[in-house]
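Report on the structure
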Amino acid sequence: MGTPRPAGRTAGTVGLRIRLVGLAMAVAATASGCVSLQANGPITSVNEQGDGSSQVQIWPSPPSPNEGSSAIVAGFLEAAQSGSANLAIADDYLTTDMQKQWVTEQNTVIVLADDSQSYPQTPGDASADSGDAQSSGLTADNGPNEAFDGVGQEADTASGTSTTQVTEEVQGDLLGVLDSSGLYSASSGTATYQFGLTETKAGFRISSLPSNFGVLMERSDFESDYNRHDVYYVNAEYTDKLIPAQIYLPAIDTDQELAQAMTKLVVNGVPAQLGSALVSAAPGANFKAVEFGSDGDATVTINSRGACVKNASDCSYLADQLAETLDSLSTKVSSVAVVDQANGQSYASAVPDGSLISYGLDQGARLNQPFYAVTSSGGLELVSYFGTVGTSSTPYSASKTKFSAVAVGPPEQGTRIQPIALVSQDHTKVYVPRKQGDDYALTQIYPAVGSPANGGTIGQLSWDDYGDLWFTATLDGTTSVYRYGQSDLTQVTVNGLAAGDQVTQVAAAPDGVRVAVGYKDSGSDAWIDITGATSDSDGNWSLQLDGSETLAADWDQVNDFDWYNEDSLAVLGIEPNSQALGLYQIYADGSSVYDSLTEQPVEASPPTNADGFVWNSDGDPIASAVNGGKQQLYELSVEGQDAQSLANVFGTSPSY
């Protein structure tokens, strides 16, 4: 991607005067490619050159005394979008009080669908419905600085004159919000933003902004001007492992500047939105500087405020975090030394070979590996396909127990043993097989032995990479979440759901602490949020959805989802404003995963009536669907080919 062009519309679109100030030199692309966000409707590829290679910079004009209130709001939005170099021009459109407020919020980016942003107009004249502004985390009113209704009189504290106050309104189709810490969260719905204006001696000025308002950007502008990067934080449950978090930064010219921005984010600690699944290695530390040395060495200077004096391993973990984070730069970084000004000590990192990332377990290649499935008759079979497809019975079928679903976890560390969980054919019981001699005995883990026989209807099963099983059970219209770990079954409390929301499915991340939670809202639209699981001293587990990351918002339908690897999921469903069922690979923040070679989103085309799938890292996508009244298994392709039925393999619930 070339030099990022200032975002915004042309003068003909927003009625704003612009002037050309010269040519900007093209710069080398940064380590990460252009951003591609999940959007309503079909997903299209993004040309990496695109408009971002333009050498003409468009500079916004400051406000003029004779401009109307609509033009002032349009001018502010244009100046705010056009980059940090123009913040002073954007400030000129605001009153003194609003300048103080906006400086704390201007790093928030509200991403709208292309061509959906309306021109500022008086409320009541807007043609678009106000829609679901709440879904953005923003409100249509102005919080403590309420929007003005109509026209009124009030003293202007800046000029001391009598002023006329009016309201202007902007609407758009919301796709997501990038917060000040660089975290993007998908959203959906039409959002409305109101601005109050005061007439001063210099003309109209904005005296009231929407709450939590920063910059409005349409999707193509955001994709051109921002890059996605991974930064790494410590796994709260397993402190010797790291978890990636996706952050977005404005396009940065040099690796030195990019390293400084990413390092500062890591040292500053885990953003609240990521929850308790991730923790800071050296909490409370202050970032000072980062310098590249020779032979791939980098030095990061901090002041730990005594944290590393008390515990030297804190700075060592921080060095590991930074080594993995900076390993993505085009400048080679083979090791990081953290120098703590508090004690003058230096702490070296391990070589960033990826062994610390997320959970650190080697699952091995799964391409063309056998998978488990439940046959139409309720038996469990191991399906293998090497040129031809065949099935072979497993010892579990010998128990004469019939099943409806199976889930297979990754091999236990240091072994080839895969944990397996099974659901009874009536969907009310969960079993874990345990080998006894040459046979496998089924141990019922839900409902607990001695509890009422009907435990409700069991939903999809999900293993993390540490051998813990997550699932849902719906009884009398209420869905509960359960976690089975270390032979203990615990009901998990889910907090933060709105009235009318109902959990539908959970999927545990490989790292053992993050959980994707699917739910339907009161309008039956499907959502997927990602949050961290926490436990108290008594072993009680909970999931907090307030402020969690939103991966899918207002989907028409979600049939199934599961983690693809440590930073992305695969979702089988129908996107908003789409009629087609698709299987999409999506980053945990809601943005599409793009193939680096084809520059196309990673998708598979399932049968139109698919109800479940399995698609793991380095594995082949397999889906189940009803065909002629029978559950058929299909092999899927991510290269645009139609689903291919696996001959003579009838069943459901495929699982690697």
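Scroll up to find the structure.
The text that follows walks through the structure, step by step, so that each part is easy to find.

In the contact formed by helix α6 (residues 255-268) and helix α8 (residues 312-326), the axes pass within 10 Å of each other and the chain directions differ by 145 degrees. For α6 against α8, the interelement crossing comes out right-handed. When α6 is examined against α8, the residues A259, M262, T263, V266 and V267 are found in contact with a partner set consisting of L318, Q321, L322, T325 and L326. Taken together, the residues of the contact of α6 with α8 sort by class into 7 nonpolar, 3 polar and no charged.

Right, let's get into the sheet that holds strand β16 (residues 345-348). Two strands in a sheet stick together by hydrogen bonds in their backbones, pointing the same way (parallel) or opposite ways (antiparallel). If you trace the 4 strands from one edge of the open sheet to the other, you get β13-β14-β15-β16, paired in mixed fashion. Across the chains shown, the open sheet's two edge strands, defined by having one partner strand only, are β13 (286-292) and β16. Neighbour-to-neighbour, the strand axes of this sheet turn through a mean angle of 20 degrees, independent of strand direction. The pairing of strand β15 (residues 335-340) with β16 spans 4 bridges and is antiparallel. Each bridged residue has a counterpart across the sheet, and for V338 the counterpart in β16 is Y347. In this fold α6 packs onto β13 and β14 (297-303), with an angle of close to 150 degrees to the strand it touches most, β13.

Mapped onto the fold, K264 is located in helix α6. Put simply, K264 and A289 are 25 residues apart on the chain and 8.5 Å apart in space, counted from C-alpha to C-alpha.

This part covers the pattern of salt bridges. One pass over the structure, following the stated rule, counts 5 salt bridges. Two residues, R219 and E223, come together in a salt bridge whose shortest N-O distance is 2.8 Å. In this pair, R219 and E223 both sit in helix α5 (residues 219-225), 4 residues apart, roughly one turn of the helix. Both residues of the pair, R219 and E223, count as buried. Ionic pairing is found between D511 and R514, a salt bridge with its closest N-O pair at 2.6 Å. Overall, D511 belongs to the buried group, its relative accessible area being 0%. Classification of R514 by relative accessible area gives buried; the value is 6%.

Reading the values: the criteria
- All residue numbers refer to positions counted from 1 along the written sequence of the respective chain.
- Local features in a predicted model are, by the rule used here, given only for residues with pLDDT of at least 70; side-chain atom pairs are given and counted only at 80 or more, and totals for whole chains, interfaces and linings are based on all residues.
- Each side-chain value is worked out from all heavy atoms of the structure, with water and hydrogens disregarded.
- Under this scheme, a helix contributes an axis fitted over its contacting stretch, all axes are lines through C-alpha atoms, and angles between N-to-C directions fall in the 0 to 180 degree range.
- Elements are defined by DSSP. Helices are runs of H or I of four residues or more, strands are runs of E of two residues or more, and each kind is numbered from the N terminus.
- Left-handed describes a crossing whose near helix is turned anticlockwise from the far helix by less than a right angle; the clockwise case is right-handed.
- By definition, residues are in contact when any of their heavy atoms lie within 4.5 Å.
- Asp, Glu, Lys and Arg are counted as charged, while Ala, Val, Leu, Ile, Met, Phe, Trp, Tyr, Cys and Pro are counted as nonpolar; the rest, among them Gly, fall into the polar class.
- Two strands pair under a simple rule: DSSP has to find at least two bridges between them.
- By definition here, a salt bridge exists when the distance from a side-chain nitrogen of Lys or Arg to a carboxyl oxygen of Asp or Glu is within 4 Å.
- Per-residue accessibility, obtained with a 1.4 Å probe over protein chains only, is compared with the maximum for each type, and a residue is labelled buried under 20%, exposed over 50%, and partly exposed between these values.

Function cannot be read off these values alone, since they describe shape.
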